[in-house]
Structure formats: structure tokens, C-alpha cells
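Observations on the three-dimensional arrangement
Each chain, letter by letter, is given below.
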Amino acid sequence: MDSYGGYRSQLVGELSAKGIRDLAVLRAISEVPRHLFVPESIRHRAYQDSALPIGGGQTISQPWVQARSLELAKLTGRDRVLEVGTGSGYQTALLAQCADQVFTVERIPALAQAARAVLSATGARNISVLVGDGTLGWRAYAPFEVIIVAAATPEAPQPLVEQLATGGRLILPIGDRVNQVLTLMVKQPDGSLVTRTVSDVRFVPLIGQFGFAGDLAT
Ligand code: SAM
């Protein structure tokens, strides 16, 4: 265990006290070195239950939100997962601990490159990182049993709905650029989606063909 192990255990205790029950998720959080995924200048804050800046105007999301999203995914260890919005790569690493294969798409090349480097350094081997517009999904590897979108979107991007397997679970923050609701959609055999809203959240916007339009601030 590295010198941050005690902080990870504290974070696990805090998330558990806040209602996270899935043992596989808590185990992943106790094992993945979150401090390696944040800029060195804020490493001392890596195990706080809060979102942190990672450069390029983007954030690593709050651990509770990431843990809740992972719980909603109900991963079995045999799943093929698509993540939209790699960011720092931290949630990618959590997913990789709980799933078979993780395909992740990031629109900002510098973030994707940094995430690739740290994921490789931490020894994850079941992750593929693509630079591009994740609202288009990653058709070559579809269908996915789970799709997690880590940025705010006005509605479920149609390509992601198409690339979701029957019975698959799509987890995404739906709303405007400021406030969203974490939402779970489950694809039915007839192709329709059963939707459940989970909690209020705040994410950076999903910028792309099936998300928000880009601007200079993003
Ligand atoms: N889960 C990440 C982590 O653990 O660090 C945090 C993700 S951050 C909240 C959202 C990310 O989505 C940003 O890195 C942003 O650049 C990315 N993003 C926004 N629009 C995107 C798009 N259309 N395709 C891929 N990534 C996108």
C-alpha cells in the first residue's frame, strides 16, 4: 500500500456512510490511487469527497457521484463498457476494476494523453482511450452493456442509445449547462428506454454533435 492508503480508507468510510453499499465499488475506490489522477499541486485534496480541477477547464468528478454512477451500472466483471468523458482517467480506472473491457472517449487531446499515461502507469490493461466526440459513441466496439457519460447533456445522445445492448444501462447527467439530474436508462427488448432519476448533480457540459454546442469557454 502507498502512503495514501489511510486517506483512501477514510474516503471509503465516508462514501459508505453516505449510502454507497456496493462492495465491488468500495473495493475499487480503496485500491485506485486517486492522487495520481489529480495535478500535483492539489494532491493533498485528492481524497476529499469533492470535484477538483484537472486543467483545460475540466474537473475530476466528486467521488460520491462516481461511486453512485458505478453502483447504478451494476457491473458483473464480464461487461463491455463505454465511458464518455475520460477526463483524468480516474473513473476509467474504477470501471476497469469492475468490468471486462472499458472503452473511453475524451474530446480534449491533452487530457486523453495524460489519462493514457497514468492508466498505463497504474497497470490497467483492459482500457482503450480514443480522442474524439464521445456523443457519437464508439461504434466499432458496440454494443455496450453499460454506457457512462461523465458530462452534462440536454438529452441522451441518439448514437449512445443505439450502441447500448438490450438490457444495457445508460447512466448520464441530464439537464442544462448548470444543473442536471443523474439519470439511469435501461434498454428494453423493444428498444424503448425505462428511465429513473437518481439525484441532482453538477457536471461540466458535454460538447459535441449530440450534446451542447462548443464555445470559447469550453
Ligand atoms: N470522469 C472523469 C474523471 O474521473 O476525471 C471526469 C470527467 S469530466 C467531469 C468531463 C469530461 O468530459 C471532460 O474531460 C471533458 O473534456 C469531456 N467531454 C466533454 N464533451 C465531450 C465529448 N463530446 N466527448 C468526449 N469527452 C467530452
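Figured I'd write up the structure that's included with this text.

Analysis parameters
- Residues numbered from 1 in each chain as written.
- Predicted model: local features only at pLDDT ≥ 70, side-chain atom pairs only at ≥ 80, totals over all residues.
- Heavy atoms only, no water.
- Buried < 20%, exposed > 50% of the residue type's maximum accessible area, 1.4 Å probe, protein only.
- Helix = DSSP H or I, 4+ residues; strand = E, 2+ residues; numbered from the N terminus.
- Near = heavy atom within 4 Å.
- Polar contact = N/O pair within 3.5 Å; in protein donor to acceptor, adjacent residues only side chain to side chain.
- Areas by Shrake-Rupley, 256 points an atom, 1.4 Å probe, with all protein chains shown as cover.
- Pairing = 2+ DSSP bridges.
- Axes fitted to C-alpha atoms, helices over the stretch in contact; angles between N-to-C directions.
- Contact = heavy atoms within 4.5 Å.
- Parallel < 35°, antiparallel > 145°, perpendicular 65-115°, else oblique.
- Left-handed = near helix turned anticlockwise from the far one by under 90°.
- Nonpolar A, V, L, I, M, F, W, Y, C, P; charged D, E, K, R; others polar.
- Core = buried A, V, L, I, M, F, W, Y, C linked by side-chain atoms within 4.5 Å.

**Regarding helix H4 (residues 90–98)**
The buried fraction of H4 amounts to eight of the nine residues, a majority that puts the element mostly inside the structure. Taken together, the buried positions of H4 are occupied by Tyr90, Gln91, Thr92, Ala93, Leu94, Leu95, Ala96 and Cys98.

**Comments concerning the site of the ligand**
Neighbouring the ligand are 26 residues; Gln66, Ser88, Glu106, Gly134 and Ile207 lie closest to it. The contact in question runs from a nitrogen atom of the ligand to an N or O atom on the backbone of Gly134, over 2.8 Å. At 2.7 Å, a backbone N or O of Ile207 approaches a nitrogen atom of the ligand. Contact with the protein chains removes 100% of the 600 Å² of surface that the ligand exposes when unbound.

**Things to note about the sheet that holds strand E4 (residues 101–106)**
Here seven strands make up an open sheet; going across it, the order is E5-E4-E3-E6-E7-E8-E9 and the pairing mixed. The two strands at the open ends of the sheet, each matched to only one other strand, are strand E5 (127–131) and strand E9 (193–201). Sheet twist, expressed as the mean angle between neighbouring strand axes with direction ignored, is 15 degrees. Here seven bridges tie strand E7 (residues 164–175) to strand E8 (residues 180–187), and the two strands are oriented antiparallel to one another. Residue pairing across strands places Ile174 opposite Val181, the latter belonging to E8. Along the sheet, helix H3 (residues 63–73) contacts strand E6 (144–149), E7, E8 and E9; its crossing angle with E9, the most-contacted strand, is approximately 165 degrees.

**Notes on the packing of helix H1 (residues 5–17) against helix H2 (residues 23–31)**
Their axes nearest at 8 Å, the elements H1 and H2 cross at an angle of 155 degrees. By the criterion of interaxial angle, the relationship of H1 to H2 is roughly antiparallel. Handedness of the H1/H2 crossing: right-handed. Between H1, through Arg8, Leu11, Val12, Leu15 and Ser16, and H2, the contact on the second element is made entirely by Leu26, Ile29, Ser30 and Glu31. In the contact of H1 with H2, the residues fall into five nonpolar, two polar and two charged.

**Considerations on unusual backbone geometry**
In this model, Ala142 is joined to Pro143 through a cis peptide bond whose omega is 5 degrees. By the secondary structure assignment, Pro143 is in the loop between E5 and E6. Residues other than glycine seldom take positive phi values, yet Lys74 does so here, at roughly 50 degrees. Tracing the backbone through its elements, the reader meets Lys74 in the loop between H3 and strand E3 (80–84). The class for Lys74 is exposed, based on a relative accessible area of 56%.

**Some words on the packing of H2 against H4**
Contact geometry of H2 with H4 gives a least axis separation of 9 Å together with a crossing angle of 125 degrees. Relative to H4, the element H2 lies oblique. Every pair of crossing elements has a handedness; the one defined by H2 and H4 is right-handed. In contact with Ala24, Ala28, Ile29 and Glu31 of H2, H4 contributes Tyr90, Leu94, Gln97 and Cys98. Among the residues making up the contact of H2 with H4, the classes are represented as six nonpolar, one polar and one charged.

**Describing the nonpolar core**
Of all hydrophobic cores here, the largest spans 53 residues; its most connected members are Leu15, Ile29, Phe37, Leu75 and Ile171. When sequence neighbours within four positions are dropped, the list of residues in contact with Ile171 reads Ser69, Leu72, Ala73, Val146, Ile147, Ile148, Val149, Leu182, Thr183 and Leu184. With 17 residues, the next largest nonpolar core counts Val84, Ala156, Leu172 and Leu206 among its residues.

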